[in-house]
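Each chain, letter by letter, is given below.
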Amino acid sequence: MAREVDLFVIGAGSGGVRAARVASSHGARVMIAEEYRVGGTCVIRGCVPKKLLVYASRFGDEFEDAAGYGWTVGERAFDWPTLIANKDREIARLEAAYIANLERAKVEIVKSRAVIENTHHVRLTATGETVRAKYILVATGGRPHHGADIAGLDCVISSNEVFDLKEFPRRILIQGGGYIAVEFAGIFNGLGSEVTLVYRGDNILRGFDDDLRAHLRTEMEKRGIRIVTRQTVTGVERMEAGLCVRLSDNEQHTVDQVLFATGRKPNSQGIGLETAGVKLAPDGAIVIDGFSQTSVPHIYAIGDVTNRINLTPVAIREGHAFADTVFGGRPIKVDHTDVPTAVFSEPECGVIGLTEAQARAEFNRVDIYKSSFRPMKATLSGRDTRSFFKLVVDGTTGHVLGCHIVGPDAGEMIQLIGIAIKMNATKADFDRVMAVHPTAAEELVTMREKAASYVREAAE
Ligand code: NDP
C-alpha cells in the first residue's frame, strides 16, 4: 500500500519550503522531496552565497577609501579558500535551519528525486517507494542554460560551480549581460581579477531603464571591468597558458575561468509532468493560472519552474498563496505588479516599476526626474564614482510609475520606495516628505526640476 499524504512538494527551495510549512500549519500531511540540498538555489548557490561574496568584494574599496579619512591601512592580502570555506559553513548552517524549520512544522523530508508516475502518485527514485498525494506542488526551480552548443563548453562554468572554485581566477571572462553576469563581474573585479564581460546586445541589463544601464556600464568600466558588447563566445580551448576564448569577431582572450551567465531554464524535464498531462509552454515553463494551478487540477506549480518573475521573494509569496488557497480556505492570487528588485552589481542597482520607455509607450504624459551626483563618501576618499536616481512619473495624475537607482544601498532604498509605490504615491507625496540630511536617499524627495516631459502624439 502506498503511503498517503495531502500534499507532496517536489523541490525544497525557498518556494517549496514555504508552501510545505504553511500547508502543514493548515493541518495538511505534507512530504517534501529534494534531490540536492534543502534551501534550493537561493540559499545554496544563489542569492545568499552571492551576497556574501559581494560583501567580500567591497573591502578593497573600503581599504583604499580609508586613506582619505586619515587611516593608514597595513598590508592587505585576500585568501579565496578562506572565503569559500566560511561561506560553506554559513550555507550549511542555513540549510540545517531550513531542515529544522520543516521538521518543527511536521513536514516529512525525503532526500530523493521525485517523479510523478501518474496523476496522484509520486515515485521516490532513491528508494523506489511510491507515495499517493491528494495534491502535488512542483517547485523545482530553474537550471543554468549555456545557449548554443559551441566547442569547449566543457571548460565553461555556470553560477552553480562558481561558488566552489578551488582556485581564485586571476583572469575571468563572463558571458551574459543579466543579473548574474554583472553581479559576478563586480565580485571578481572587487576581489582583484581581471574581468572581461561579453554581451551579445548593445548594453548590459536589457529590460532595465536605459539611463540606469548606461550609468551602471560607465561605473563598471571606471572600475576596470572590460565590457565587450555585440559579441558572443564562439569557442573555448584549454591551452597551457589558460583557457583561450574566441569571440564572434575573432578576438581572443586567455583567461583562467569562463563563466556563462546566459540565463536559466525552467527545471521541468524528467519529473513526469508529461505523463501526468501537465501543460508546458514552449520554453519548458509549467503553464499555470493566477492561483498557480496547472492544467491538471490537483497539480500546482510555483517559482522559477513557472517562469513568471524569477526572484526568491516571488516564489515564496507564490508558495504561501498556494498553501492558503488550497489548504487554508483563503484563495489568494499573488500580485506580480511593481515588484522591487536589486542587482548587486558594483555599484548596486535598485529598481521598481516602469522604465522610461515602458511609461512613454503606455501613458499620454510622462515626466522624468533624474539626478546624478558624487556620493558624499567619495569626496574625501577621492573615488571617481557617481550615483544615479531617476523617477518616472505619470504627467497626468502625478503617480510615480517607476524608480531607478544606482549607488550604495540602492537595494535597501528600493525596498522602502516599494511601499510608497504600492500605495500609489504621487510625486507630490514624495515632495511633501522632509529630506533626511545628509543622505543619498534625500535625492528622492528633493528632485524639483523635470529633466524631461513627454506628451504622446494622438493616434491618427
Ligand atoms: P538573465 O536572464 O538576467 O540574463 C541572461 C543574459 O544572458 C542576458 O544578458 C541574455 O542576453 C544573455 N544570453 C541569453 N542567451 C544567450 C546566448 N545564447 N548567447 C549569449 N548570451 C545569451 O539571466 P541570469 O543568468 O543573469 O540570471 C537568471 C535569473 O536569476 C535572472 O533572470 C533573475 O531572475 C535571477 N537572479 C536574480 C538576482 C537578484 O535578484 N539580484 C541575482 C541573480 C539572478 P539578452 O539580454 O540579449 O537576452
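Per chain, residues are indexed from 1 in the order of the written sequence. The predicted origin of the model limits local features to residues at a pLDDT of at least 70 and limits the giving and counting of side-chain atom pairs to 80 or more, whereas totals for whole chains, interfaces and linings rest on all residues. Side-chain descriptors were evaluated using all non-hydrogen atoms of the structure, hydrogens and water having been removed beforehand.

Caption draft 1: Representation of the overall build of the protein within the structure. To qualify as a helix, a DSSP run of H or I must reach at least 4 residues; to qualify as a strand, a run of E must reach at least 2; elements of each kind are numbered from the N terminus. The secondary structure content of the protein amounts to 13 helices and 23 strands. A compact globule built from 460 residues should have a C-alpha radius of gyration of about 23 Å, and the protein, at 24 Å, falls within 12% of that. Dimensions of the protein along its principal axes, counting C-alpha atoms only, are 70 × 65 × 50 Å. Under the scheme applied here, a residue whose accessible area is under 20% of the maximum for its type counts as buried, over 50% as exposed, and between as partly exposed, the area being computed with a 1.4 Å probe on protein chains only. Counting over 460 residues, the protein shows a buried share of 50%. Counting contacts in the protein only where the partners sit at least 6 residues apart, residues at least 24 apart contribute 62% of the total. In this description, accessible areas are obtained by the Shrake-Rupley approach with a 1.4 Å probe, and a residue is regarded as covered only by the protein chains that are shown. Carbon together with sulfur atoms contributes 51% to the accessible area of the protein, which is approximately 21,800 Å² in total. The protein carries 55 positive and 59 negative side-chain charges, and their two centres are separated by 3 Å. It is over C-alpha atoms that the radius of gyration is taken, and the globule rule equals 2.2 Å times the number of residues to the power 0.38. Working rule for contacts: check all heavy atoms of both residues, and any pair within 4.5 Å makes them a contact. We score Asp and Glu as negative and Lys and Arg as positive, and we do not count His or the chain ends. In this description, the location of a charge corresponds to atom NZ of lysine, CZ of arginine, CG of aspartate or CD of glutamate.

Caption draft 2: Broad picture of unusual backbone geometry. For the bond running from Glu 346 to Pro 347, omega is -5°, close enough to zero to count as cis. With respect to the element layout, Pro 347 can be found in the loop between strand 18 (341–343) and strand 19 (349–353). Cis geometry marks the peptide bond from His 437 to Pro 438, where omega comes out at -10°. Tracing the backbone through its elements, the reader meets Pro 438 in the loop between helix 12 (427–432) and helix 13 (443–446). Phi at Ser 292 takes a positive value of approximately 70°, unusual for a residue other than glycine. Looking at the secondary structure, you find Ser 292 in the loop between helix 7 (273–276) and strand 17 (299–301). Here Ser 292 falls in the buried class, since its relative accessible area comes to 3%. In the Ramachandran plot, Asn 307 falls in the positive-phi region, its phi being about 50° despite a non-glycine side chain. Among the structural elements, Asn 307 can be located in the loop between strand 17 and helix 8 (312–327). Judged by relative accessible area, which is 32%, Asn 307 ranks as partly exposed.

Caption draft 3: Broad picture of the sheet that holds strand 19. In spatial order, the strands read 18-19-22-21-20-23; together these 6 strands make up an open sheet with antiparallel pairing. Strands with a single pairing partner mark the edges of an open sheet, and in this sheet they are strand 18 and strand 23 (452–455). Here the average twist between neighbouring strands, direction ignored, is 15°. Across 5 bridges, strand 19 lies against strand 22 (residues 400–406) in antiparallel orientation. By the bridge assignment, Gly 353 is partnered in strand 22 with Gly 402. Whether two strands pair depends on DSSP finding at least two bridges between them. Angles run from 0 to 180 degrees between N-to-C directions of axes, and those axes are lines fitted to C-alpha atoms, restricted for helices to the stretch in contact.

Caption draft 4: The pairing of strand 4 (residues 114–118), seen in detail. Pairing between strand 4 and strand 5 (residues 121–124): 4 bridges, direction antiparallel. By the bridge assignment, Ile 116 is partnered in strand 5 with Val 122. Between strand 4 and strand 5, which follow one another and run antiparallel, lie 2 residues.

Caption draft 5: View of the site of the ligand. Among the 20 residues in the neighbourhood of the ligand, the closest are listed as Gly 177, Tyr 199, Arg 206, Asn 310 and Ala 342. Between the ligand and Glu 183 there is a distance of 3.0 Å, counted from a nitrogen atom to a side-chain nitrogen or oxygen. Residues adjacent in sequence count toward polar contacts only when both atoms are side-chain atoms; beyond that, a polar contact is any pair of N or O atoms within 3.5 Å, and within protein one must be able to donate a hydrogen and the other to accept it. In the model, an oxygen atom of the ligand is placed 2.7 Å from a nitrogen or oxygen of the Arg 206 side chain. Contact with the protein chains covers 78% of the free accessible surface of the ligand, which is 910 Å². Tallying contributions element by element places helix 5 (residues 179–191) first for the shell around the ligand, with 3 residues. When residues are sorted by character, Ala, Val, Leu, Ile, Met, Phe, Trp, Tyr, Cys and Pro go into the nonpolar class, Asp, Glu, Lys and Arg into the charged class, and all the rest, Gly among them, into the polar class. Its residues assigned to classes, the shell around the ligand comprises 7 nonpolar, 8 polar and 5 charged. A cutoff of 4 Å decides nearness: a residue is near a molecule or strand if any of its heavy atoms lies inside that distance of it.

Caption draft 6: Focus on the packing of aromatic side chains. In summary, the pairing rule links any two rings of Phe, Tyr or Trp, Trp by its six-membered ring, whose centres are within 6.5 Å, and it sorts them by plane angle into stacked for under 30 degrees, edge-to-face for over 60 and tilted for everything else. Applying the stated criterion across every chain, the model contains 13 aromatic pairs. Ring centres of Phe 59 and Phe 63 lie 6.2 Å apart, and the angle between their planes is 35°; on these two criteria the pair is classed as tilted. Here Phe 59 and its partner Phe 63 are both found in helix 3 (residues 47–66), 4 residues apart, which amounts to about one turn of the helix. Given the relative accessible area of 47%, Phe 59 is considered partly exposed. Seen from their ring centres, Tyr 135 and Phe 327 are 5.4 Å apart, and the 80° between their planes marks the pair as edge-to-face.

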